[in-house]
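The lines below spell out each chain.
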Amino acid sequence: MVATPKPTPAEGPGAVSRHFVSDFEDWRIVTVHQLQHYLRTNRFFGLLTFVAVISALTLSFEVSAGVAAVRVEQLYRSSEYLSNYLSNAGLWIILAAAFFGGDALSVDFSTGAGYYMLVLPVRRSVLLAGRYTAAVLVTLAIAGVYYVFATAGAVYFFGGASVPWAGLAESLGVSALFALAALSVAFCVSSFFRSPAAGVLVTVLALYVGFVTLATVFELAGIEPWFSLQYAGGAIDAVLDTDFIHQQTVPLGADQYYIVWVATVVEGIEIMAAYIAAFLPLSVYLYHRKESTG
Amino acid sequence: MGSFEVTGVTKWFRPGSPVLSDLTFRYDGAGAIGYLGPNGSGKTTTLKLLVGLLRPSRGHATLNGIDPMVDRKRALWDVGALIESPEPYPTLNVFEALETVGRARGLASRDVDREVDRCNELLHLPPFGERIGWLSKGQRQRVALASALIGDPSVMLLDEPTSGLDPAERVLVRALLNRLKRDHLILMSSHQMFEVTEVCDQVVFLHAGQILLRERVDRVEDRIRSRQLDVEFAAPVEPGRVSALRPLAVEIVPRSDRRWRISFDGTNETRIQILRRCQEIGEVVQFSSASLVLEEAYLELIDTSEEAT
């Protein structure tokens, strides 16, 4: 049993005293440190600009189509409009998670960043927690921009009074959970790889390309893709979908059908929670075990 | 006062080829220890094991009595480390990079400012608002050194601390280390023998993952005899007269008409005879080892070790 180091008293003029820092304080220090970094990176500005431009273009096309046309298309429902608009939110969250989580840990073993941070008196699990928190906040900032445009569109086409604010907040909550799940996977990938670029790429490939492909294959085989995080992301817009259908049979030809599943809100939340429970502890374990051999 | 210890530490990255073999040493109190050895001898690996960046394959390392593999936070609490080339995030400025270190070492905001100012006085840091990504290699190295000093930890592990610095900066850092070693414990790896001679009280020679010699710097001279002498006469001496030294010397090289470098077998007997002959040749104003004793010791130890294997 090792006693907690005593505070270092100040001795002599100009000397400074130190106190033993709690894990909570360490977490706060690391989160601020990581946020200072993320918010100045080109990838943050790039992704933010990209989301804003795409959202603005989408909105401008709709505006040019006219209020009446959009209302008819969205069944005269603000919630339907929001649900459709937010069906792409998962993609932005996955991209942001890959950009900010894909190299969050591997950076310590591929650059000199680890020799700066890993020699500080901070537990690795706390370092990971701080970086994870910062990555979640930045990812939500990116998703938030998309939500702002979605809300602006809903207000413009259907009026402020018709916007389902509670449903919108619920969708934002599911998005936050989705971000936690996507970042858990990204951190796990990052703790496994040594190259930051590989971490980012593998996260995108796994979470988006891989899952979409697998989900399609499974759906063609008539199996619900419950294992896919990308599938679980459907809960983000399902919250606002007033005509929600969990399972749809699409005829392909004579006696041929194709079944399409959309995750229910509860199902989506369960899948996301399962991802967090599986991947976050694994990334803590791998990060804790990793050595600076470079 | 701090301490560091490695006990029976063996480290291999591939089974059968250990980088360190059964390494054991302990230092406590204050002073500077030079950690010397050729590239690949295991110097940086030892430092990494001490701070928990690597896990020993066998044995254990402790800092201030605490194993970093057991409790990293407490082990590193009173330790400043500069290993390899630490790089703060390039997007942060100098102050932000150092502030994080100061806060993690338990300094209050006001004290962080004072500590960063103190480091600035000691190391002439780049402007605080300058981003790390914009700094030169030398500037970055000074920021990294400052990060090891912030909070005044009692133990400092420095891996080639003057790497990337210009001559003036090296002088500055050597003077700083000489001040710090009075009340701090410093383990410093270096290839600069002059630096180690000037700063360190003790040396550990490492080769192929094993300790060849642990000794006080001033006692290394007793073990390792310099094999080159510089002789300076008060007046110019003709080469013909210096040739009288031939039977004692391996090589005689003129440096000027008054100064000569004499290579010999390194024994004290020959050294005495050379001095006598030189005094017969002319008035001697300087008679000294031509190269750094530590450097010769290093080379001799490595040679002996390689011959033995």
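For the structure itself, look to the data block above.
Residues numbered from 1 in each chain as written. Chains lettered and ligands numbered in written order. Predicted model: local features only at pLDDT ≥ 70, side-chain atom pairs only at ≥ 80, totals over all residues.

What follows covers the overall build of chain A. For chain A, the helix and strand inventory stands at 13 helices and 2 strands. Relative to its full complement of 294 residues, chain A shows a buried share of 44%. A sequence separation of at least 24 residues applies to 78% of the contacts in chain A between residues at least 6 apart. (Helix = DSSP H or I, 4+ residues; strand = E, 2+ residues; numbered from the N terminus. Buried ≥ 20, exposed ≤ 12 C-beta atoms within 10 Å, placed from the backbone. Contact = placed C-beta atoms within 7 Å.)

Turning our eyes to something else, we now look at the pairing of strand β2 (residues 17-29) of chain B. Working note: regular strand, side chains alternate between the two faces of the sheet. All names here are of chain B. Strand direction decides the pairing type here: strand β1 (residues 2-14) and β2, joined by 9 bridges, are antiparallel. Within β2, the position partnered with F4 by the bridge is Y27. Adjacent in sequence and paired antiparallel, β1 and β2 are bridged by 2 residues, among which G16 carries a positive phi angle near 95°. (Pairing = 2+ DSSP bridges.)

Residues and elements named next belong to chain A. Inspection of the secondary structure puts D23 in helix α1 (residues 23-38). Expressed as a C-alpha distance, the spacing of D23 and S125, which sit 102 residues apart in the sequence, is 9.5 Å. Those residues in contact with D23, other than ones at most four positions away along the chain, are R123 and V126.

Residue and element names in this part refer to chain B. By the secondary structure assignment, R219 is in helix α8 (residues 217-223). Classification of R219 as exposed rests on a count of 11 C-beta atoms within 10 Å. Separated by 56 residues in sequence, R219 and L275 have C-alpha atoms that sit 23 Å apart.

Looking now at the pairing of strand β13 (residues 284-289) of chain B. Residues and elements named next belong to chain B. Burial runs low along β13: only 0 of the 6 residues are buried. Note that strand β10 (residues 228-233) and β13 share 5 bridges and pair antiparallel. If you follow V231 over to β13, its bridge partner there is F287.

Contacts between the two partners involve 30 residues from chain A, matched on the other side by 37 residues from chain B. Residue assignment for the side of chain A that touches chain B shows that the elements contributing at least two residues are α1 and α7 (113-117) of chain A. In terms of residues, the side of chain A that touches chain B owes the most to one element, α1(A), which gives 5 residues. Along the lines of polarity and charge, the residues of the side of chain A that touches chain B split into 14 nonpolar, 10 polar and 6 charged. (Nonpolar A, V, L, I, M, F, W, Y, C, P; charged D, E, K, R; others polar.)

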